[in-house]
Amino acid sequence: LAGASVVQTISVQTTQGEVLAVPVSALSMASDGTTRVQVQPARAPARFVTVEPGLSAKGLVAVTAVGGDLGPGDLVVVGQNNAGSSSAKGGQGKQTKGAGSAKK
């Protein structure tokens, strides 16, 4: 195959079943160094949930909630406002139905 391009993917680690996954851009770091996501309930103010990040792939990261409630279908905030401050344009960050289970 001289002169041919080859792409190979090598898995270094996999999960042992389904995991709760959110977009990587939904993660932020709190002032105490913990990792968190901002959850936007349908009829309540946004709240932060402390998480333990796990494996990541294709723009998603596996998370385990360690301080609060986070489950499949929860709306998480991605973008500049997920750290608790507004963006340069005064925006709110983008909300995405990103908390979901994924089999890796």
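Everything numeric here is computed off the predicted structure, so don't read it as measured data. (Residues numbered from 1 in each chain as written. Predicted model: local features only at pLDDT ≥ 70, side-chain atom pairs only at ≥ 80, totals over all residues. Heavy atoms only, no water.)

### Looking at the overall build of the protein
Okay, so step 1: Looking only at helices and strands, the protein features 0 helices and 8 strands.
Okay, so step 2: Each helix and strand of the protein, placed in order from N terminus to C terminus, yields the pattern β-β-β-β-β-β-β-β.
Okay, so step 3: Within the protein, the fraction of its 104 residues that count as buried is 31%.
Okay, so step 4: Accessible area of the protein: about 7,000 Å², with a carbon and sulfur share of 50%. (Helix = DSSP H or I, 4+ residues; strand = E, 2+ residues; numbered from the N terminus. Buried < 20%, exposed > 50% of the residue type's maximum accessible area, 1.4 Å probe, protein only. Areas by Shrake-Rupley, 256 points an atom, 1.4 Å probe, with all protein chains shown as cover.)

### Let's talk about unusual backbone geometry
Okay, so step 1: One non-glycine residue, Lys58, adopts positive backbone phi at about 50 degrees.
Okay, so step 2: Locating Lys58 in the fold gives a position in the loop between strand E4 (47–57) and strand E5 (60–67).
Okay, so step 3: Given a relative accessible area of 85%, Lys58 falls into the exposed group.

### Structural notes on the confidence of the model for the protein
Okay, so step 1: Mean pLDDT for the protein: 78, with 74% of residues reaching 70 or above.
Okay, so step 2: Note that residues 85–96 has pLDDT below 50 and, in this model, 23 contacts with residues that lie over four places away or in other chains. (pLDDT = per-residue confidence, 0-100. Contact = heavy atoms within 4.5 Å.)

### Observations regarding the side chain of Thr35
Okay, so step 1: For Thr35, the location among the structural elements is in strand E3 (residues 35–39).
Okay, so step 2: Setting aside residues up to four positions removed in sequence, Thr35 forms contacts with Leu27, Ser28, Val49, Thr50, Val51 and Pro53.

### Thoughts on the environment of Gly68
Okay, so step 1: By the element assignment, Gly68 lies in the loop between E5 and strand E6 (76–78).
Okay, so step 2: A relative accessible area of 53% places Gly68 in the exposed class.
Okay, so step 3: The spatial distance from the C-alpha of Gly68 to the C-alpha of Arg47 is 9.2 Å, given a sequence separation of 21 residues.

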